[in-house]
Each structure stands twice: as structure tokens, then as C-alpha cells.
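Now for the letters of each chain:
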Amino acid sequence: QMQLVESGGGMAQTGGSLRLSCVASGYVHGGYSAYTGSWYRQVPGKERVLVAFIASGSGGLTEYADFAQGRFTISRDNGQKTIYLQMDGVGVEVTAVYYCRVSLRDKEYWGRGSQVSVSP
């Protein structure tokens, strides 16, 4: 089955940038381009919330949570089987564990998460 591994997390200073990557490996039933992609984040003690969504195919359709609009950019590279999240102008409120998700119909796959920490 498909496995997802996030990378690119770590520490950033206020106003800096980070780029998260979510690389798929293993057997991808139906082809990777058929899957939608999304990023979620979760802070301890709070629910996991959607950050950004990207449609299947070339990813022409993207959607963002209100707090992410204009700050984050989701993209995909089907040749690399990767979903990206570009995070610009970050603040301390960005600090969270970020999870990627890919989905096709009733199938969904999650990464294990990547810690992002922003210092003031």
C-alpha cells in the first residue's frame, strides 16, 4: 500500500519560510495523479484541522483554510509523487505538527506528521 513521509519541517524564525514535502512510496493503486492531496495541522490538546487542499490531476484547484489563505501555498508534482506546502511569513501561531493526506474515493493515507516550530 501507499506510504507517505513528510519532510522539510523544523524550526523557523518569525517572518521566515518553510517548505514541507510529502512523498508517496509503495504501490499506488489507480495512479498517484488520481489522488487528492491535503495538509492538516494539529496542536496538542486541539483537533486536527485542514490547512490546504489540492485537487487530483495537475492540481489546478486549491483551497485553503481562512488562516492559511495568502500565507501558504499547496502544490503537487505527480512525477515525484509529492505534495508540497510552502509556508511564508510564518509566525508563532504556525507551530504545530503537520500531516499530509492523500485520498481517492473511500481510500485515504496519512503521513506520520512533521513538527514545525516557529520562534519569536
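Residues numbered from 1 in each chain as written. Predicted model: local features only at pLDDT ≥ 70, side-chain atom pairs only at ≥ 80, totals over all residues. Heavy atoms only, no water.

### Details of the overall build of the protein chain
Here comes step 1: Counting its regular elements, the protein chain contains zero helices and 11 strands.
Here comes step 2: In the protein chain, the order of α-helices and β-strands from amino to carboxyl end is β-β-β-β-β-β-β-β-β-β-β.
Here comes step 3: In summary, the protein chain has a C-alpha radius of gyration of 14 Å against a globular reference of 14 Å for 120 residues, a match within 12%.
Here comes step 4: For the C-alpha atoms alone, the extent of the protein chain along its principal axes is close to 45 × 25 × 25 Å.
Here comes step 5: Looking at the protein chain as a whole, 40% of its 120 residues qualify as buried.
Here comes step 6: Long-range contacts, defined as pairs at least 24 residues apart, comprise 51% of the intrachain contacts of the protein chain with a sequence gap of at least 6. (Helix = DSSP H or I, 4+ residues; strand = E, 2+ residues; numbered from the N terminus. Rg over C-alpha atoms; globule rule 2.2 N^0.38 Å. Buried < 20%, exposed > 50% of the residue type's maximum accessible area, 1.4 Å probe, protein only. Contact = heavy atoms within 4.5 Å.)

### Let's talk about the state of the cysteines
Here comes step 1: Counted according to the given criterion, the structure contains one disulfide.
Here comes step 2: Across the disulfide from C22 sits C100; the S-S distance is 2.0 Å. Taking the sign of the torsion about the S-S bond as the criterion, the disulfide between C22 and C100, at about 60°, is right-handed. On the criterion of sequence distance, the pair formed by C22 in strand β3 (residues 18-25) and C100 in strand β9 (residues 96-104) is long-range, its members being 78 residues apart. (Disulfide = S-S within 2.5 Å.)

### Notes on the packing of aromatic side chains
Here comes step 1: Enumeration over the complete set of coordinates arrives at two aromatic pairs.
Here comes step 2: Ring geometry for Y35 versus Y109: centroids 6.4 Å apart, planes at 55°, classification tilted. Taken together, the residues span a long stretch of sequence, with Y35 in the loop between β3 and β4 (36-42) and Y109 in strand β10 (residues 107-110) at a distance of 74 residues.
Here comes step 3: Relative accessible area serves as the criterion here: at 0%, Y35 is assigned to the buried category.
Here comes step 4: With centroids separated by 4.9 Å and ring planes inclined at 55°, the aromatic side chains of Y40 and W110 adopt a geometry described as tilted. (Phe/Tyr/Trp six-rings, centres within 6.5 Å; stacked < 30°, edge-to-face > 60°.)

### Quick look at the nonpolar core
Generally speaking, nonpolar side chains in soluble globular proteins are found buried as a group.
Here comes step 1: Within the largest apolar cluster, 30 residues are counted, with the highest numbers of intra-cluster contacts made by W39, L85, M87 and Y98.
Here comes step 2: Put simply, the parts of the chain that give this core at least two residues each are β3, β5 (49-54), β7 (72-77), β8 (82-87), β9 and β11 (114-119). (Core = buried A, V, L, I, M, F, W, Y, C linked by side-chain atoms within 4.5 Å.)

### Side note on the sheet that holds strand β1 (residues 3-7)
Here comes step 1: The sheet built from four strands is open, its strands ordered β1-β3-β8-β7 with antiparallel pairing. Every other strand in the sheet has two partners, leaving β1 and β7 as the edge strands with one partner each. On average, each strand axis in the sheet is inclined to that of its neighbour by 15°, with strand direction left out of account.
Here comes step 2: Summarising the sheet, β7 and β8 pair through six bridges and their orientation is antiparallel. Looking at β8, one finds that S75 is bridged to Y84. (Pairing = 2+ DSSP bridges. Axes fitted to C-alpha atoms, helices over the stretch in contact; angles between N-to-C directions.)

So yeah, pure geometry; function would need other evidence.
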